[in-house]
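Here is how the chains run, residue by residue.
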Amino acid sequence: MSGLLERLRETTGFIQSQYNTRPKVGIVLGSGLGNFINEISVEKEIRYHDIPHFPVSTVEGHTGKLIFGKAGGVDIVAMAGRFHFYEGYSAEEVAFPIRVMKFLGIGTLLISNAAGGVNSGFKVGDLMLITDHISFFVPNPLLGKNVAELGARFPDMSEPYKKHLIAKAKEIADILGIPLQEGVYCGVTGPTFETRSEYKLIQKLGGDAVGMSTVQEVIAAAHMGLPVFAISVITDIGVREEENIITHEEVLQAAKDSEPKLSAIFIEMVKALC
Ligand code: HPA
């Protein structure tokens, strides 16, 4: 297979041959959070399946397409469905669409995900602004030869989630009357949910929420100097004393229930970015 840079150029060229408006913002829609696409005046949809070098999403709740159009009057590209390490994709494959969106010209990346709450002050349905992350043994997508055209060998990770975007989201949520939590997202590989002891360990390590996505995407973005803003929807509470069985269905339902709040914030963020 050709090198990463070549593949990125081929994929970008293919997409631009189908739709040639430069998106300003890239959006990743997490599990159960795909309804944001109803906010988009869609101009072009391209199924992952049809995009050269793109992996194909298999998980329930992920439809698997790139959507181009306008949200709040701004040109955006949205990923309806993302790639997870637990599906068997490599870390580089998980990061590939993020790199493609940067090549397409986005200036900011908005990410959403479903996550388990480990902060004892959180409840199901809360939105958490991600202020930082901890990679809990998730393979780094930058392992291997560095592609200097993408970024530095040893990228800085002191502020992957940009403070000015977090401040803007707080302003927006305040105006909309949407309460927000904030905290540290702990990325795990999954696909198992955590044991009771793991949830407790993650809490002790400084995590406020835990999930199976995002970290590899954010690392790829930080490598390329692409500013990120991310929100977790808290879909279950990991640290609790009573019976604690977590199912994917419960996670999807909780995400769907909170999705309108997330969409409202994302739309205003997109508008504010232009
Ligand atoms: N753990 C890991 N990933 C998750 C969880 C969880 O509790 N909830 C949603 N995604």
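Higher on the page you've got the structure.
Engineer: How should the overall build of the protein be read in this particular structure?
Structural biologist: Looking only at helices and strands, the protein has six helices and nine strands in total. The globule rule puts the C-alpha radius of gyration for 274 residues at 19 Å, and the 17 Å found for the protein is close to it. Taking the principal axes of the C-alpha coordinates as reference, the protein spans close to 55 × 40 × 35 Å. When contacts within the protein are restricted to residue pairs at least 6 apart in sequence, long-range pairs at least 24 apart make up 82% of them. Accessible surface, the protein: about 11,600 Å² in total, of which carbon and sulfur atoms supply 52%.

Engineer: Got a minute to help me understand the pairing of strand 1 (residues 25-29) in this structure?
Structural biologist: Judged by how many residues are buried, strand 1 sits mostly within the fold: five of five residues are covered. Along strand 1, one buried face is formed by Val25, Ile27 and Leu29 and the opposite face, lined by Gly26 and Val28, is buried too. Relative to strand 4 (residues 74-80), strand 1 runs parallel, the two sharing five bridges. Across the sheet, residue Val28 finds its bridge partner in strand 4, namely Met79. The pairing of strand 1 with strand 5 (residues 108-117) spans four bridges and is parallel. Residue pairing in the sheet places Val28 in a bridge with Ile111 of strand 5.

Engineer: Help me understand the site of the ligand in this model?
Structural biologist: Close to the ligand lie Ala114, Ala115, Gly116, Phe193, Glu194, Tyr199, Val210, Gly211, Met212, Thr235, Asp236 and Val251, which account for all nearby residues. One nitrogen or oxygen atom from the main chain of Gly116 is found 3.2 Å from a nitrogen atom belonging to the ligand. When isolated, the ligand has an accessible area of 260 Å², and the protein chains bury 96% of it. At a threshold of 2 Å from the grid points, most atoms of the ligand map onto the largest pocket. Looking at which element gives the most residues to the shell around the ligand, the answer is strand 5, with three residues. Grouping the constituent residues of the shell around the ligand by class yields seven nonpolar, three polar and two charged.

Engineer: Help me out: how do you make sense of the pairing of strand 4 in this one?
Structural biologist: Consecutive side chains of a regular strand alternate in pointing toward one face of the sheet and then the other. The buried fraction of strand 4 is high, at seven of seven residues. Judged by which residues are buried, strand 4 turns out to be covered on both faces: Val74, Ile76, Ala78 and Ala80 on one side and Asp75, Val77 and Met79 on the other are all buried. In this sheet, strand 4 lies alongside strand 3 (residues 65-71) in antiparallel orientation, the contact comprising seven bridges. Bridging across to strand 4, Lys65 finds its partner in Ala80.

Engineer: I would appreciate a short explanation of the side chain of Glu87 in the present structure.
Structural biologist: Summarising the element assignment, Glu87 is placed in the loop between strand 4 and helix 2 (91-104). Side-chain polar atoms of Glu87 contact the backbone nitrogen of His84, separated by 2.8 Å.

Rules used in this analysis
Residues numbered from 1 in each chain as written. Predicted model: local features only at pLDDT ≥ 70, side-chain atom pairs only at ≥ 80, totals over all residues. Heavy atoms only, no water. Helix = DSSP H or I, 4+ residues; strand = E, 2+ residues; numbered from the N terminus. Rg over C-alpha atoms; globule rule 2.2 N^0.38 Å. Contact = heavy atoms within 4.5 Å. Areas by Shrake-Rupley, 256 points an atom, 1.4 Å probe, with all protein chains shown as cover. Buried < 20%, exposed > 50% of the residue type's maximum accessible area, 1.4 Å probe, protein only. Pairing = 2+ DSSP bridges. Near = heavy atom within 4 Å. Polar contact = N/O pair within 3.5 Å; in protein donor to acceptor, adjacent residues only side chain to side chain. 1 Å grid on protein atoms, 1.4 Å probe; cavity = no way out; pocket = protein on both sides within 12 Å on 5 of 7 lines; lining within 4 Å. Sits in = over half its atoms within 2 Å of the grid points. Nonpolar A, V, L, I, M, F, W, Y, C, P; charged D, E, K, R; others polar.

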